[in-house]
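# Structural overview
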Amino acid sequence: MERHVLASGFMADPDLNLLIALDALLAEGSVVKAARRLGLSESAMSRTLARLRAVTGDPLLVRAGRGLVPTPRAVQLRERVPGLAEEVRAVLRPAEAVDIARLERSFTLRASESFIEVYAARLVGRVAAEAPGVLLRFAPRGNRDAQALRDGLIDLDIGVHSETTPELKVQSLLRDRLVAAVREGHPLTRRATVTPEQYAACGHVLTSRRGLVRDRVDEALAALGLARKVVAVVPSFPAALAIVRASDLTALVSERQLAAGVAGVRILPLPAKLAIALDEVVVTQMWHPRQDADPAHRWLRGRILAACREAD
């Protein structure tokens, strides 16, 4: 892009390379040495000095015998330019590796209660061992709005993301499915098979963060001419399991949560015609692209993935 110097001498679109060149010229006091320092030809450095003179409105370096001496303006700039040049280099160079053991930072993770219950202990243990200065904040996943990621209110959104936006980054963590859960000793656990009629006849606890009272199982039952009675609607799997454990009700919950061990609860094999209505789901972690290359954020994403894989 062509750059124009305004009549006032102010450069409308400054070239930061000029700052690096000025730093070399003021430090070396020589076009030849500055060119060598920056790996440029002498003629290229002479042209750069001419541009600097035009931009600053000052000769900067003037001939004195066989060498060059700085003007009063150049002497003033010599105090400021090295620090500015180093800041430019620091901003434009790739991020340095992070010493995780010395990292002092907090991360906010939006995740469901069931994910926290199954995986948080393993994740927190890993993080505490590797980075004792890191704080993990777990926020409830009642709101799935991606705006929280855009605004930086949360660092990662962990869960089943049926809809994503192209701007966000997504990584698969694990696969899961819903299974029917009943208390230990429930009358249906004594049967080798459970019919759709027997399943529908149970009282049911439905898990829905939005308070819905129907899901795909109701559609599958309706196709068989059946309907179930929903006794309670709760916002999370742990809440549903607490009710199931103390009643003859049944609930559809995360298979992985039950695999982690829930005392007093058993899986109830669903009839095939109903089981096919429960598609396998993929749990993912989602983040904003501005965090993608951040070494600390990348480290945390790796630890979350490792915690999930270790649980498998």
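Residues numbered from 1 in each chain as written. Predicted model: local features only at pLDDT ≥ 70, side-chain atom pairs only at ≥ 80, totals over all residues. Heavy atoms only, no water.

Moving on to the overall build of the chain. A count of helical and extended segments in the chain gives 12 helices and 12 strands. For 312 residues, the compact-globule estimate of 2.2 N^0.38 gives 20 Å, and the C-alpha radius of gyration of the chain, at 32 Å, exceeds that figure by more than 25%. A principal-axis box enclosing the C-alpha atoms of the chain has dimensions of 105 × 40 × 25 Å. Here the chain holds 312 residues, and 41% of them are scored as buried. Residue pairs in contact within the chain that sit at least 24 positions apart in sequence constitute 71% of those at least 6 positions apart. On the chain, roughly 17,200 Å² of surface is accessible, and the fraction owed to carbon and sulfur atoms is 53%. Averaging the coordinates of the 44 positive side-chain charges in the chain and doing the same for the 36 negative ones gives two points 2 Å apart. (Helix = DSSP H or I, 4+ residues; strand = E, 2+ residues; numbered from the N terminus. Rg over C-alpha atoms; globule rule 2.2 N^0.38 Å. Buried < 20%, exposed > 50% of the residue type's maximum accessible area, 1.4 Å probe, protein only. Contact = heavy atoms within 4.5 Å. Areas by Shrake-Rupley, 256 points an atom, 1.4 Å probe, with all protein chains shown as cover. Lys, Arg positive; Asp, Glu negative; His and termini not counted. Charge placed at Lys NZ, Arg CZ, Asp CG, Glu CD.)

What follows concerns a nonpolar patch on the surface. On the surface, a cluster of nonpolar side chains totalling about 330 Å² of accessible area is made up of Leu16, Val91 and Leu92. Within the secondary structure, leucine 16 is located in helix H1 (residues 16-28). (Patch = residues over 30% accessible without salt bridge, like charges linked within 9 Å, V, L, I, M, F, W, Y side chains within 5 Å. Salt bridge = Lys/Arg side-chain N within 4 Å of Asp/Glu carboxyl O.)

This next bit is on the confidence of the model for the chain. Of all residues in the chain, 92% have pLDDT values of 70 or greater, and the mean over the chain is 86. Per-element mean pLDDT across the chain ranges from 81 in helix H11 (residues 272-275) up to 95 in strand S3 (residues 105-111). Segment residues 1-11: pLDDT under 50, and 16 contacts once partners within four positions in sequence are set aside and those in other chains are kept. (pLDDT = per-residue confidence, 0-100.)

Now for the environment of arginine 290. As for its position among the elements, arginine 290 is in the loop between strand S12 (281-287) and helix H12 (295-311). You can call arginine 290 partly exposed: its relative accessible area is 44%. Sequence separation between arginine 290 and leucine 305 is 15 residues; the distance between their C-alpha atoms is 20 Å. Setting aside residues up to four positions removed in sequence, arginine 290 forms contacts with Leu149, Arg150, Asp151 and Gly152. A distance of 2.9 Å separates a polar atom in the side chain of arginine 290 from the backbone oxygen of leucine 149. (Polar contact = N/O pair within 3.5 Å; in protein donor to acceptor, adjacent residues only side chain to side chain.)

As a rule of thumb, soluble globular proteins bury nonpolar side chains together. Judged by nonpolar contacts, the single largest core of 26 residues is most densely connected at Phe115, Val134, Leu173, Leu300 and Ile304. Those elements that provide at least two residues to this core are S3, helix H5 (113-130), strand S4 (134-140), strand S5 (156-160), strand S6 (169-176), S12 and H12. The biggest single contributor to this core is H12, with seven residues. Contacts of leucine 300, omitting those with residues within four sequence positions, involve Phe107, Leu109, Val127, Leu136 and Leu156. (Core = buried A, V, L, I, M, F, W, Y, C linked by side-chain atoms within 4.5 Å.)

We note that leucine 60 has phi near 65°; this positive angle belongs to a residue other than glycine. Considering the arrangement of structural elements, one finds leucine 60 in the loop between helix H3 (42-56) and strand S1 (61-64).

On to the environment of valine 98. Turning to its location among the elements, valine 98 is positioned in the loop between helix H4 (72-92) and S3. Beyond its immediate chain neighbours, meaning those up to four positions away, valine 98 contacts Leu103, Pro295 and Ala296.

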